[in-house]
Amino acid sequence: MIGTLIRHVAGAVAAWLVYVAEGSFGLLARLALALVADAGPGEPPARPFMVLDAALPGAVLVLLVVVPAVVIGDVALARRGAFARTLAACGVAVFLVGQYVAGIAAVTGAVVADAALAWFLTTAVALGPVVAHAAVVRVTRAATGWLARRSRPGSPVTLAPSASPVAHPGGPEAP
C-alpha cells in the first residue's frame, strides 16, 4: 500500500514536471512569436514568468485529472499490460477533462464552440502528463519487483563468492 502511494506520488511529480516543461515550450513559442511580430520580449505575448504562471494550474490539472485517470486505468485493467492501462488512463483523462469543461461551461454560460476548443486544448495538454505518470508508475513497479527478486535469500545473485557450496582447492575448507 505504501509502495503504491509512493509510486503515484512520484508519478504525480513527474507529470507536474512534464506540464511545466510544456509551459516552457509554450513560453519559447510565444517568445518567438513576439520577436517575429516585433512586440518585444517583455510584452504580454511572451512574459518570462509564464512558466511560473503554469505551475499552479499544472498542479491542479495533475491532482484533478492525471492522478485519478492513472489510478482508474490501473484498477480497471489490473490484469492487462502496461500499454492497455496507459490507453485506459488516457481515455479516462479525456472523459474527466470533458466533464470539468462541461461543468465550467454550464456555470459560466460559455458558447459551445468555446467549450469544445477548451476541451480539445486541455486534453492535448493533459495527455503528456498522463503518459509520464503512467510510465513512472510502471517503471517503479518493475524496479521494486526486480529489487525484491534480487534481495531474496538464497537467490544466486545474493550469494557471495565465498559462500558458494563448492569447496575451492587450497581454501580454508581443504584438509
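Residues numbered from 1 in each chain as written. Predicted model: local features only at pLDDT ≥ 70, side-chain atom pairs only at ≥ 80, totals over all residues. Heavy atoms only, no water.

K.L.:
Would you explain the overall build of the chain in this entry?
P.N.:
Check the secondary structure of the chain and you find four helices and zero strands. Counting the 175 residues in the chain, one finds 27% classified as buried. When the accessible surface of the chain is totalled, it reaches about 11200 Å², and 76% of it is carbon and sulfur. (Helix = DSSP H or I, 4+ residues; strand = E, 2+ residues; numbered from the N terminus. Buried < 20%, exposed > 50% of the residue type's maximum accessible area, 1.4 Å probe, protein only. Areas by Shrake-Rupley, 256 points an atom, 1.4 Å probe, with all protein chains shown as cover.)

K.L.:
So what exactly am I meant to see when it comes to the pattern of salt bridges here?
P.N.:
A side chain of one charge can pair with a side chain of the opposite charge if their charged atoms are brought near each other. Per the stated rule, a full pass over the model turns up two salt bridges. For the salt bridge of Arg138 with Asp74, the shortest nitrogen-to-oxygen distance reads 3.0 Å. With Arg138 in helix α4 (residues 112-150) and Asp74 in helix α2 (residues 50-76), the pair connects residues that are 64 residues apart, well separated along the chain. For Arg138, a relative accessible area of 12% translates into the label buried. Owing to a relative accessible area of 10%, Asp74 belongs among the buried residues under this scheme. One salt bridge connects Asp74 with Arg141, and the closest N-O pair in it is separated by 3.9 Å. (Salt bridge = Lys/Arg side-chain N within 4 Å of Asp/Glu carboxyl O.)

K.L.:
I tried to follow the packing of helix α3 (residues 82-108) against α4 on my own but got confused; where do I start?
P.N.:
Two packed helices can be described by the angle between their axes and the distance between those axes. One way to put it is that α3 packs onto α4 with a least axis distance of 8 Å and a crossing angle of 145 degrees. The chirality of how α3 crosses α4 is right-handed. Note on element contacts: α4 touches α3 through Ala115, Ala118, Trp119, Thr122, Thr123, Ala126, Leu127, Val130, Val131, Ala134, Arg138 and Arg141, opposite Ala82, Arg85, Thr86, Ala89, Cys90, Ala93, Val94, Val97, Gly98, Val101 and Ala105. Along the lines of polarity and charge, the residues of the contact of α3 with α4 split into 16 nonpolar, four polar and three charged. (Axes fitted to C-alpha atoms, helices over the stretch in contact; angles between N-to-C directions. Left-handed = near helix turned anticlockwise from the far one by under 90°. Contact = heavy atoms within 4.5 Å. Nonpolar A, V, L, I, M, F, W, Y, C, P; charged D, E, K, R; others polar.)

K.L.:
What should I look at first to understand the environment of Leu127 in this one?
P.N.:
With respect to the helices, strands and loops of the structure, Leu127 is situated in helix α4. Beyond its immediate sequence surroundings of up to four residues, Leu127 is in contact with Cys90 and Val94.

K.L.:
Hey, could you run me through the nonpolar core in this one?
P.N.:
Buried together is how nonpolar side chains tend to be arranged in soluble globular proteins. Counting 22 residues, the largest nonpolar core has Val65 and Val130 as the members making the most contacts within it. Elements with a contribution of two residues or more to this core: α1 (2-36), α2, α3 and α4. The residues touching Val65, leaving out its near neighbours within four places in the chain, are Ala93, Leu96, Val97, Tyr100 and Ala126. (Core = buried A, V, L, I, M, F, W, Y, C linked by side-chain atoms within 4.5 Å.)

K.L.:
Explanation requested: α3 in the structure shown.
P.N.:
Since one α-helical turn is 3.6 residues long, residues separated by three or four positions face the same way. The end-to-end C-alpha separation of α3 is 39 Å, in line with the 39 Å expected for 27 residues at 1.5 Å each. The set of residues buried in α3 consists of Arg85, Thr86, Ala89, Cys90, Val92, Ala93, Leu96, Val97, Gly98, Val101 and Ala105. Two residues or fewer past α3, Gly109 is found with a positive phi of approximately 75 degrees. (Expected span 1.5 Å × (residues − 1).)

All we've got here are geometric facts, nothing functional implied.
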